[in-house]
Amino acid sequence: MASTKRSFQAEVSKLLNIVAHSLYSEREVFLRELISNAADACDKLRYLALTDDTLVSGDTNFNIKISVDQKNKTLTISDNGIGMNENELDENLGTIARSGTGAFVESLSGDESKDVGLIGQFGVGFYSAFMVAEKVDVITRKAGEQDAWTWSSDGLGEYTVEKASKEDRGSSITLYLKKDAKEFLEDLRLRTIVKAYSDHISIPIVLVKDKEEESLNEASAIWTRQKKDITQDQYTEFYRHVSSGYDEPWMTSHWRAEGRFDYSALLFVPSKRPFDLFHPDRKHRVKLYVKKVFITDDCEGLVPEYLRFVKGIIDCEDLPLNVSRELLQKNQMLTSISTAVTKRVLNELKKKAEKKPEEYAEFWENFGAVLKEGLYGIPNEHKNSLLELVRFKSSTRDDLVSLKDYLAGMKDGQENIYYITGESQEAIKNSPHLEGFAAKGIEVLLLSDPIDDFWISSMFEGYEDKKFSSVTKGSAELENVEDAKDKGAKDKKGQKKSKKTDVSLLIASIKLTLGESVKDVKESIRLTDSACCLVADEGDMDMNLERILRQHQQVADAAPRVLEINPTHPLIKGLVKKVKDGETDPVLEDAALLLFDQAKIMDGEPVKDVKAFAQRMSKVMELSLQA
Ligand code: ADP
Ligand code: MG
């Protein structure tokens, strides 16, 4: 049969272009990628053979073979794993199938110098072969099928697939090495690379030389070894194998549990945030093994969603080997193991948070927003542990604070844990809603992750008897706390009065002008510098939450808000005088509308009638020039 020419998916071409031209300092990682794939292929077949042993008949010893052809300058990596059929070749070696990766590659700029760094965030997998090869042939035959296929490409936009003959199942990848990559024909070099990157692989890796075979690795599952016999480098390489990542693990957690159920776990938290962390298809990356046999990397519920950044393996000794993937979901034992694993991971995070707060801050930057998802939705038994792990930016400190820190810094008379939510730190840091709190030295937690509005407004039970309270909502209970500057002043209420003016007539006049656009107009105790602000009435939805829901078309319109005015502000004082004079001044009407629009702008809300706003603004400026 003639070979057919096929084009790579556009993203693959882009990736290949970067790979081939990158001055990758560690080109040798291609070998790790190919060995990693070969090991995965063996793992997959071993699992299928549990229920259909004809798939491995005649050859049950899984292995990976590396051989060199000095004459033709080729390096071949062969496995007797699951292999691929024609369709799978197209899917796996013609496109980028991994969820999120395609979109990520699409977003690359095309500027090689920038992209290379980004590519380093994840393994380029099979395509890394083109860092060292000018041509790659894959001869493969799927276990249980008769046809074999050759996939061949020079990595320049196209590949061919044609029928081939191959006696045994599995894949054989031959690299025609580039002129400057002949070092990978040398025994010693290959040996060193395998030792450095692939020693943890549990399938034997064999170097074939003149018909002699030499085993290069220990071929025992790394998690079954004693902790003391494993170096951090070995852990790191295993992490890279299971995660397709290139970074260092931020946390490595290896333990064996004996008791009701026996299991081993070797789990990692990455030091870099994976680019697809918030991709809707993103699942956890923990592989399930049973008695050292790989079962699945897609076991729903093995670790909770909010720990989906955790990577690694869990090996259960008590599950039957032939457990079907469907049965896994409702398996009581797995649920218990998942609970135990979650507890353990949260506990280790807590230890890190206490012992190494700076390192924890980096973790928090990467994964805090994900962890907080655990505080929202289905109540879970780990909620209290999660609350201990949450960190916040705050209005009074530069370092991240915990809820414990917050409680320790509360003022005498302060009842609640105050917070503000918004789209960005910049937007909320300068919010007028914080003024009164700043004047009293009360700390306000600054929350700007989209998830924050959801979890915090569902925390009805509060934390250690203190309720969470938004500074943009209801009446700020500030009277009970002394001013930061006049500590010791006796007459808390009296001292402010002197500066205040009676604003009731002004309020009535503003209400008349604004009508239905506001829910109410009130005198503010939360403002010190700004003239006005909008707040949500007690019992109404928090403003930022409403904004998020509106963006997702979950609620139609903004509910009317309460406009608060600051009786100590010169502008308000001036307006009060105008009202008292009994004039029915159009200036007052303009002022009311301008105050309202101003408050909206400060909240990052659009002004309804931009033209009218601009006209009023100009009018006011003109007047001030005349004065
Ligand atoms: P990843 O390993 O992260 O999925 P790769 O680019 O390394 O990404 O490989 C892409 C896919 O090609 C694999 O998921 C697998 O389905 C298939 N594949 C690669 N090498 C082999 C092999 N030796 N045997 C069987 N399938 C393979
Ligand atoms: Mg791979």
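What counts and what doesn't
- Residues numbered from 1 in each chain as written.
- Chains lettered and ligands numbered in written order.
- Predicted model: local features only at pLDDT ≥ 70, side-chain atom pairs only at ≥ 80, totals over all residues.
- Heavy atoms only, no water.
- Helix = DSSP H or I, 4+ residues; strand = E, 2+ residues; numbered from the N terminus.
- Rg over C-alpha atoms; globule rule 2.2 N^0.38 Å.
- Contact = heavy atoms within 4.5 Å.
- Core = buried A, V, L, I, M, F, W, Y, C linked by side-chain atoms within 4.5 Å.
- Buried < 20%, exposed > 50% of the residue type's maximum accessible area, 1.4 Å probe, protein only.
- Domains from an automatic or database assignment.
- Axes fitted to C-alpha atoms, helices over the stretch in contact; angles between N-to-C directions.
- Parallel < 35°, antiparallel > 145°, perpendicular 65-115°, else oblique.
- Nonpolar A, V, L, I, M, F, W, Y, C, P; charged D, E, K, R; others polar.
- Salt bridge = Lys/Arg side-chain N within 4 Å of Asp/Glu carboxyl O.
- pLDDT = per-residue confidence, 0-100.
- Pairing = 2+ DSSP bridges.
- Patch = residues over 30% accessible without salt bridge, like charges linked within 9 Å, V, L, I, M, F, W, Y side chains within 5 Å.
- Areas by Shrake-Rupley, 256 points an atom, 1.4 Å probe, with all protein chains shown as cover.
- Lys, Arg positive; Asp, Glu negative; His and termini not counted.
- Charge placed at Lys NZ, Arg CZ, Asp CG, Glu CD.
- Polar contact = N/O pair within 3.5 Å; in protein donor to acceptor, adjacent residues only side chain to side chain.
- Phe/Tyr/Trp six-rings, centres within 6.5 Å; stacked < 30°, edge-to-face > 60°.
- Left-handed = near helix turned anticlockwise from the far one by under 90°.
- Disulfide = S-S within 2.5 Å.
- Arc of directions from axis to C-beta.

Attention shifts here to the overall build of the protein chain. A count of helices and strands for the protein chain gives 21 helices and 21 strands. For the protein chain, the C-alpha radius of gyration of 32 Å lies well beyond 25 Å, the compact-globule estimate for 627 residues. Judged by the C-alpha coordinates and their principal axes, the protein chain covers about 105 × 55 × 40 Å. Sequence-distant contacts in the protein chain: of pairs separated by 6 or more residues, those separated by 24 or more amount to 71%.

Turning our attention to the nonpolar core. In this structure, Leu267, Phe309, Ile314, Val341, Phe363, Leu371 and Trp455 are the most contacted members of the largest nonpolar core, which totals 72 residues. Considering every element that reaches this core, the biggest residue donor is helix α9 (residues 332-355), with eight residues. Split by domain, this core shows at least three residues from each of two domains, domain 2 (223-361) and domain 3 (390-626). Core analysis: the second largest hydrophobic core is formed by 63 residues, Leu16, Met84, Val194 and Leu216 among them.

Two elements in contact, helix α17 (residues 504-514) and helix α20 (residues 586-602), have axes separated by 9 Å at closest approach and are oriented at 80°. Judged by the inter-axis angle, α17 sits roughly perpendicular to α20. Across the interface between the two elements, Leu506, Ser509, Ile510, Thr513 and Leu514 from α17 touch Leu588, Glu589, Ala592, Leu593, Leu595 and Phe596 from α20. Broken down by class, the residue content of the contact of α17 with α20 amounts to eight nonpolar, two polar and one charged.

So, on to the pattern of salt bridges. Pairs can form between side chains of opposite charge whenever their charged atoms are close. All told, the structure shown has 43 salt bridges when counted by the stated rule. A salt bridge links Arg46 to Asp43, with the shortest nitrogen-to-oxygen separation between them at 3.4 Å. Of this pair, Arg46 and Asp43 both sit in helix α2 (residues 29-49), three residues apart, roughly one helical turn. Under the relative-accessibility criterion, Arg46 is labelled partly exposed at 25%.

This part is about the confidence of the model for the protein chain. Mean pLDDT for the protein chain: 88, with 92% of residues reaching 70 or above. Every residue in residues 487-498 is under pLDDT 50, and counting partners more than four places away or in other chains gives eight contacts.

On to the sheet that holds strand β21 (residues 561-565), then. Spatially, the three strands line up as an open sheet ordered β19-β21-β20, and their pairing is mixed. With one partner strand each, in any of the chains shown, β19 (518-523) and β20 (532-535) form the two edges of the open sheet. Between one strand axis and the next, the sheet turns through 25° on average, direction left out of account. Relative to β21, β20 runs antiparallel, the two being bridged by four bridges. Bridged to Leu534 within β21 is Leu563. Against the sheet, α20 touches β19, β20 and β21, its axis set at about 65° to β20.

The next point concerns a negative patch on the surface. A surface patch of negative charge is lined by Asp297, Asp298, Glu300 and Glu305. Relative to the assigned elements, Asp297 resides in the loop between β13 (293-296) and β14 (311-316). According to the relative accessible area criterion, Asp297 is partly exposed, its value standing at 42%.

Residue placement: Ser524 occurs in the loop between β19 and β20. Within the structure, the side chain of Ser524 is placed 3.1 Å from the backbone nitrogen of Arg526, a separation counted as a polar contact. Once residues within four sequence positions are removed from consideration, Ser524 is found in contact with Glu564, Ile565, Asn566 and Pro567.

Once that is clear, we can look at the packing of aromatic side chains. The tally for this structure, following the rule as stated, stands at 22 aromatic pairs. Seen from their ring centres, Phe126 and Tyr127 are 5.7 Å apart, and the 75° between their planes marks the pair as edge-to-face. Residue Phe126 is classed as buried on the basis of its relative accessible area, which comes to 7%. Residues Tyr289 and Phe294 carry aromatic rings whose centres are separated by 5.5 Å and whose planes lie at 70° to one another, so their mutual orientation is edge-to-face. Of the two residues, Tyr289 and Phe294, both sit in the buried class. Within the aromatic cluster, the residues linked to one another by ring pairs are Trp223, Phe238, Tyr239, Phe268, Tyr289 and Phe294.

All right, on to the sheet that holds strand β12 (residues 285-290) then. Sheet architecture is open: five strands sit in the order β10-β11-β14-β12-β13, paired in mixed fashion. Both outer strands of the open sheet, β10 (249-257) and β13, are each paired with one neighbouring strand and no more. Neighbour to neighbour, the strand axes of the sheet diverge by 20° on average, direction disregarded. Across the sheet, α2 is in contact with β12 and β13; its angle to β13 comes to roughly 80°.

Take the packing of α9 against helix α10 (residues 357-371) next. Two quantities define a packed helix pair, namely the angle between the axes and the distance from one axis to the other. With their axes 8 Å apart at the nearest point, α9 and α10 run at an angle of 140° to one another. As the angle between them shows, α9 and α10 are arranged oblique. Handedness of the crossing formed by α9 with α10: left-handed. Of α10, the residues touching α9 (which contributes Leu346, Leu349, Lys352, Ala353, Glu354 and Lys355) are Pro357, Glu359, Tyr360, Phe363 and Leu371. Looking at the contact of α9 with α10 residue by residue, the classes come out as seven nonpolar, no polar and four charged.

On to the state of the cysteines. One pass over the full model with this rule turns up zero disulfides. Cysteine Cys533 shares no disulfide, and the gap to the nearest cysteine sulfur, in Cys532, comes to 7.1 Å.

For the rest of this paragraph, the subject is helix α3 (residues 86-94). Every buried residue of α3 is accounted for by Leu89, Leu93 and Gly94. Relative to the axis of α3, the buried residues are bounded by an arc of 85° and lie together on one face. Looking at the buried positions of α3, the neighbouring elements they touch are α1 (10-21), β4 (133-141), β5 (148-153) and β6 (158-164). Capping the start of α3 is the job of one residue whose side-chain oxygen sits 3.3 Å from the backbone nitrogen of Asn87: Asn85.

With that settled, the discussion passes to the side chain of Asp137. Mapped onto the elements of the fold, Asp137 is located in strand β4. On the basis of relative accessibility, which here comes to 13%, the residue Asp137 falls in the buried class. One polar contact links Asp137 to Ser152, side chain to side chain, over a distance of 2.7 Å. Aside from chain neighbours lying at most four places away, what touches Asp137 is Trp151, Ser152, Ser172, Ile173, Thr174 and Tyr176.

To continue, consider unusual backbone geometry. For Lys73, which is not glycine, the phi torsion reads 55° and is therefore positive. Along the chain, Lys73 falls in the loop between β2 (64-69) and β3 (74-79). Using a relative accessible area of 33% as the deciding quantity, one classes Lys73 as partly exposed. For Asp465, which is not glycine, the phi torsion reads 75° and is therefore positive. Relative to the helices and strands, Asp465 resides in the loop between α15 (450-456) and β18 (468-470).

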